[in-house]
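# Per-entry structural report
Listed here are the chains, written in short residue letters.
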Amino acid sequence: MNRYHTVKKNSDFSNIIHHGRYVKNRSYVVYVKENQLDIYRFGISVSKKLGNAVHRNKYKRQLRFIIDKYKKNYQKGFDYIIIIRNGYIHLDFDEKDKDYIYLINKISNGFTKEIIDEEKK
C-alpha cells in the first residue's frame, strides 16, 4: 500500500468514523466516507486489547496485503477506515480474506445503487 493512500491524521479518522457510513461483521468494522480527492485512502486501527505490538503489527501487515489484493474493488474519492475486531485473531487467513471482500463488495454495491437512484431523480 502506497503511503500516499493512507489516512494518518487523528482528526481525519474521527471525521470518517463520526460522519461516515459503516458495515461490520465478526472480523472488521469498515467506515466509508466520501472525500474530495481523486484517490481512495485507507486507515487501519487495531485495539491494544488484541495483543502486544508484535501481534498488532502482524494483523496490520496481513490486512494491508488483503487491501492491495483487491485494489480493483475500491471506488476513487472515498476514505475507508478499517477496524480489526476480536473475531479476527481466531480465524485463518482465508477466512479473514473472505470476510473482508464480503464487506467491500457490500459497500460497493450499496454506493452503486445510491448513484443509480440519484441519476433517476
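Bear in mind the structure is a predicted one, so any value in this text is a computation, not a measurement. (Residues numbered from 1 in each chain as written. Predicted model: local features only at pLDDT ≥ 70, side-chain atom pairs only at ≥ 80, totals over all residues. Heavy atoms only, no water.)

## Digging into the pattern of salt bridges
Taken as a whole, this structure holds 3 salt bridges when the rule is applied. Notably, a salt bridge pairs R26 with D99, separated by 2.9 Å at the nearest N-O pair. Residue R26 is found in the loop between β1 (21–24) and β2 (28–34), and its partner D99 is found in helix α3 (residues 93–120); the two are separated by 73 residues along the sequence. Given a relative accessible area of 47%, R26 falls into the partly exposed group. (Salt bridge = Lys/Arg side-chain N within 4 Å of Asp/Glu carboxyl O. Helix = DSSP H or I, 4+ residues; strand = E, 2+ residues; numbered from the N terminus. Buried < 20%, exposed > 50% of the residue type's maximum accessible area, 1.4 Å probe, protein only.)

## Considering the pairing of β2
The element β2 is largely enclosed, with a buried count of 5 among its 7 residues. The sheet contact formed by β1 and β2 spans 4 bridges and is antiparallel. Along β2, the bridge assignment pairs R21 with V32. In the sheet, β2 pairs with strand β4 (residues 78–84) via 7 bridges, with the strands oriented antiparallel. The partner of V30 across the bridge, within β4, is I82. (Pairing = 2+ DSSP bridges.)

## Topic: the packing of aromatic side chains
This structure, assessed with the given rule, holds 10 aromatic pairs. With centroids separated by 5.5 Å and ring planes inclined at 45°, the aromatic side chains of Y22 and Y31 adopt a geometry described as tilted. Given the relative accessible area of 15%, Y31 is considered buried. The structure contains a cluster of three or more aromatic residues connected by ring pairs, namely Y28, Y59, Y88 and Y100. A cation over an aromatic ring shows up here: K96 above the ring of Y88, its NZ or CZ 4.2 Å from the ring centre. (Phe/Tyr/Trp six-rings, centres within 6.5 Å; stacked < 30°, edge-to-face > 60°. Lys NZ or Arg CZ within 6 Å of the ring centre and 35° of its normal.)

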